[in-house]
Amino acid sequence: MAQKATELNASPATASLGPIEFLSFCVDAEHEKRRQSRLRRLQKNAKVKLPSACVEEIDYKHPRNITKDQMADIVSGSALEHKTNILITGPTGVGKSFIACAVANLACHRNLTTQYFRVPRFLEHMAAQKALGHYLKAIEKVGALKLLVLDDLGPDMMTTEQRNMFLEVIEERYLVGPTIVTSQLPFEQWYDVFGDQTVADAICDRLFHNAGKIHLEGDSMRKMLQRSAPWIILRPSRFVA
């Protein structure tokens, strides 16, 4: 506010401002600075793989089995507001991670605590917290997130410890906050990743309930861009837009 007041005092164009208008400009500047600071903090903590991905850049031109109407609730933030899980499948390179990261960045802009993990790293992280004696606190922390992104589920089968930890996380978040999960495997094969039928049923039942499912198809976006313009070097997020 002090910085803005100094700028206003130094500008002849604002010399005619009344005290209420002057104060309003200063308060607006302080509010915007705090908003930007919180956004940077949310983005830093989220650790999104593609920090420049945004929902406005999702590509609907190439045939990938998605439409703007299908994605309307997701890109508008309505899915986040209604705590709807978002489950994305499809072959490598079709844009699963881009969509997941774009929604994660949208959540940060909506002032929602968010965190991104690749599933193998997430399981390693939880195992490390358990070894350090911080497991319950880690479960509570993940459960309290307004959005959790788990990228690249499968194809390897989880161990008993891993599937039990995964179940505890999904149970902690059930109907409390949305979770995004991506995988190359079709939805019906997710059960095989968890191995034990009882645990698999419990996890998938909680994930699939109140979930928006996206099944991407088509060729790899990376290969398509390389064929059309092999001499262009693009930012990583552009390959899967």
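Here, every reference points to the structure presented above.
What you are looking at is a predicted structure, and each value in this text was computed from that prediction instead of being measured. (Residues numbered from 1 in each chain as written. Predicted model: local features only at pLDDT ≥ 70, side-chain atom pairs only at ≥ 80, totals over all residues. Heavy atoms only, no water.)

## Re the packing of aromatic side chains
Item 1. All chains considered together, the criterion is met by six aromatic pairs.
Item 2. Joined through ring pairs, the aromatic side chains of Phe187, Trp190, Tyr191 and Phe208 make up one cluster.
Item 3. Sitting above the plane of the Tyr135 ring, Lys130 keeps its charged end 5.3 Å from the centroid.
Item 4. One Lys or Arg, Lys213, reaches over the ring of Phe187 and ends 5.2 Å from the middle of that ring. (Phe/Tyr/Trp six-rings, centres within 6.5 Å; stacked < 30°, edge-to-face > 60°. Lys NZ or Arg CZ within 6 Å of the ring centre and 35° of its normal.)

## Points about a nonpolar patch on the surface
Item 1. There is a patch of nonpolar side chains on the surface, built from Met1, Leu23 and Val27 and spanning about 260 Å² of accessible area.
Item 2. Its location among the elements puts Val27 in helix H2 (residues 19-46). (Patch = residues over 30% accessible without salt bridge, like charges linked within 9 Å, V, L, I, M, F, W, Y side chains within 5 Å. Areas by Shrake-Rupley, 256 points an atom, 1.4 Å probe, with all protein chains shown as cover. Salt bridge = Lys/Arg side-chain N within 4 Å of Asp/Glu carboxyl O. Helix = DSSP H or I, 4+ residues; strand = E, 2+ residues; numbered from the N terminus.)

## What about the environment of Ile170?
Item 1. Locating Ile170 in the fold gives a position in helix H8 (residues 160-173).
Item 2. On the basis of relative accessibility, which here comes to 4%, the residue Ile170 falls in the buried class.
Item 3. For Ile170 and Leu148, which are 22 residues apart along the polypeptide, the C-alpha to C-alpha distance reads 10.0 Å.
Item 4. In this structure Ile170 touches Ile203, Arg206 and Leu207, once residues within four positions along its chain are discounted. (Buried < 20%, exposed > 50% of the residue type's maximum accessible area, 1.4 Å probe, protein only. Contact = heavy atoms within 4.5 Å.)

## What about the pairing of strand S1 (residues 85-89)?
Item 1. Buried residues dominate S1, accounting for five of its five residues.
Item 2. With burial as the criterion, each face of S1 is covered, one bearing Asn85, Leu87 and Thr89 and the other bearing Ile86 and Ile88.
Item 3. With five bridges connecting them, S1 and strand S5 (residues 211-215) associate as parallel partners. Counterpart to Leu87 in the pairing with S5 is Lys213.
Item 4. Of the pairings in the sheet, the one linking S1 to strand S4 (residues 179-183) comprises four bridges and is parallel in character. Its bridge partner being in S4, Ile86 is matched across the sheet by Ile180. (Pairing = 2+ DSSP bridges.)

## Some words on the packing of H8 against helix H10 (residues 197-208)
Item 1. Where H8 meets H10, the axes come as close as 10 Å, and the angle between the chain directions of the two elements is 30°. When the interaxial angle is binned, H8 and H10 end up roughly parallel. Considering the relative orientation of H8 and H10, their crossing is left-handed. Across the interface between the two elements, Arg163, Asn164, Phe166, Leu167, Ile170 and Glu171 of H8 pack against Val199, Ala202, Ile203, Arg206 and Leu207 of H10.
Item 2. Split into classes, the residues belonging to the contact of H8 with H10 amount to seven nonpolar, one polar and three charged. (Axes fitted to C-alpha atoms, helices over the stretch in contact; angles between N-to-C directions. Parallel < 35°, antiparallel > 145°, perpendicular 65-115°, else oblique. Left-handed = near helix turned anticlockwise from the far one by under 90°. Nonpolar A, V, L, I, M, F, W, Y, C, P; charged D, E, K, R; others polar.)

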